[in-house]
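The lines below spell out each chain.
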Amino acid sequence: MKKISICFALILGTCVAAEAQNTNYIGKNDPEAKKVLDALSAKLSSYKGVQANFTLKVEDSKGKLQGSRSGVIYLKGNKYHVSVVGGQEIYSDGKDVYTYDKSSNEVTITKNDPATQTISPDKVFTNFYDKDFLYKLNGESKLGTRTVEEVELTPVDKTKSFFKVLLYIDKVTHTPVSMKLFDKGGSRYTLETSKINGSAPITDAQLAYNKAKFPGAEEVDLRN
């Protein structure tokens, strides 16, 4: 379950949004995949405030379930709040990230460093996508009653801990439905989103870390 928490921001950021523009690095991108990602980008760029439910599960290389988590993400601009069922709250004000763990009653504070992150929720309305991935369209499939288009993403930086991401996008609504990340260690992380509200009335106070909400919590500051 700890590994789920560590990987959460990475894969949720991927699933909630992606920007697709022209690329300048070495490698070929699929123009059909670009059309799908452009439609996704246009849809998500119109959102003023985002609230979405999510379910995240982890499987081993044989497909055996290792654990799962669910919760809600709230996002506006470069600020976000992720509430995970079971007692974890993650806040970012665009500069710092505050992660509260109920089981230890501890808050870990880290810098939000864009230079060292591949994807995080605060990047969803930027053009990070072009710099970090190559992409291709694998075709259409069914997820429940929805027709989705599958886009395969490959990180340009081969030192990353994962080697492939499959992004499933609703063909009609152009919204993200599901994503699967393949870790080099053999684990597979699947994130599903639902009830995406792009006009949620999210306030700055709702996204801000407030020490008073976590009485007695020990703060571990790792920003230095």
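Throughout what follows, the structure given in this document is the object of discussion. Worth saying up front: this structure is predicted, and the values here are computed from it rather than measured.

If charged atoms from side chains of opposite charge come close, those side chains can pair. By the definition in use, this model includes 8 salt bridges. For the salt bridge of Lys34 with Asp38, the shortest nitrogen-to-oxygen distance reads 2.9 Å. You can see Lys34 and its partner Asp38 sitting in helix H2 (residues 31–45), 4 residues apart, about one turn around the helix. Under the relative-accessibility criterion, Lys34 is labelled partly exposed at 21%. Taking the shortest distance from any N to any O, the salt bridge between Lys171 and Glu140 comes out at 2.5 Å.

We now examine the sheet that holds strand S12 (residues 218–221). Pairing between sheet strands relies on hydrogen bonds along the backbone, with the strands arranged either parallel or antiparallel. The strand order across the open sheet built from 12 strands is S7-S8-S9-S10-S11-S1-S2-S3-S4-S5-S6-S12, with neighbouring strands paired in mixed fashion. Two strands close off the open sheet at either side, each with one partner strand: strand S7 (133–143) and S12. Between one strand axis and the next, the sheet turns through 20° on average, direction left out of account. Relative to strand S8 (residues 146–155), S7 is paired through 10 bridges, and the arrangement is antiparallel. Bridge pairing in S8 links Glu140 to Glu149. Against the sheet, H2 contacts S7, S8, strand S9 (162–170) and strand S10 (176–183), and its axis sits at roughly 80° relative to S7.

This next bit is on the pairing of strand S3 (residues 79–84). One face of the sheet, then the other: side chains in a regular strand alternate in exactly this way. By the bridge criterion, 6 bridges tie strand S2 (residues 65–76) to S3 in an arrangement that is antiparallel. Residue pairing across strands places Tyr74 opposite His81, the latter belonging to S3. In the sheet, S3 pairs with strand S4 (residues 88–92) via 5 bridges, with the strands oriented antiparallel. For His81, the partnering residue across the bridge sits in S4 and is Tyr91. Between S3 and S4, which pair antiparallel and follow one another directly, the connecting turn spans 3 residues, one of which, Gly86, has a positive phi of 115°.

Let's shift gears to H2. For H2, with 15 residues, the first-to-last C-alpha span of 20 Å sits near the 21 Å given by 1.5 Å per residue. Among the residues making up H2, those that are buried are Ala33, Val36, Leu37, Leu40, Ser41 and Leu44. Down the axis of H2, the sector holding all buried residues measures 135°, keeping them to one side. Away from its buried face, by an angle of more than 90 degrees, H2 presents the exposed residues Pro31, Lys35 and Ala42.

Take the nonpolar core next. Leu37, Val82, Val151 and Ile169 are the most contacted members of the largest nonpolar core, which has 30 residues in total. If you look at the next biggest cluster of nonpolar residues, it comprises 8 residues, including Tyr91, Val107, Phe214 and Ala217.

Here the focus is the packing of aromatic side chains. Taken as a whole and judged by the stated rule, the model has 7 aromatic pairs. Between Tyr98 and Tyr209, the aromatic rings sit 4.5 Å apart at their centres with planes inclined by 10°, giving stacked as the arrangement. Note that Tyr98 is positioned in strand S5 (residues 96–101) and Tyr209 in the loop between helix H4 (204–207) and S12, a separation of 111 residues in sequence. The structure contains a cluster of three or more aromatic residues connected by ring pairs, namely Tyr91, Tyr98, Tyr100, Tyr209 and Phe214. The ring of Phe182 carries Lys164 above its face, with NZ or CZ at 4.5 Å from the centroid.

What counts, and where the lines are drawn
Residues numbered from 1 in each chain as written. Predicted model: local features only at pLDDT ≥ 70, side-chain atom pairs only at ≥ 80, totals over all residues. Heavy atoms only, no water. Salt bridge = Lys/Arg side-chain N within 4 Å of Asp/Glu carboxyl O. Helix = DSSP H or I, 4+ residues; strand = E, 2+ residues; numbered from the N terminus. Buried < 20%, exposed > 50% of the residue type's maximum accessible area, 1.4 Å probe, protein only. Pairing = 2+ DSSP bridges. Axes fitted to C-alpha atoms, helices over the stretch in contact; angles between N-to-C directions. Contact = heavy atoms within 4.5 Å. Expected span 1.5 Å × (residues − 1). Arc of directions from axis to C-beta. Core = buried A, V, L, I, M, F, W, Y, C linked by side-chain atoms within 4.5 Å. Phe/Tyr/Trp six-rings, centres within 6.5 Å; stacked < 30°, edge-to-face > 60°. Lys NZ or Arg CZ within 6 Å of the ring centre and 35° of its normal.

The quantities given are spatial measurements derived from coordinates; they are silent on function.
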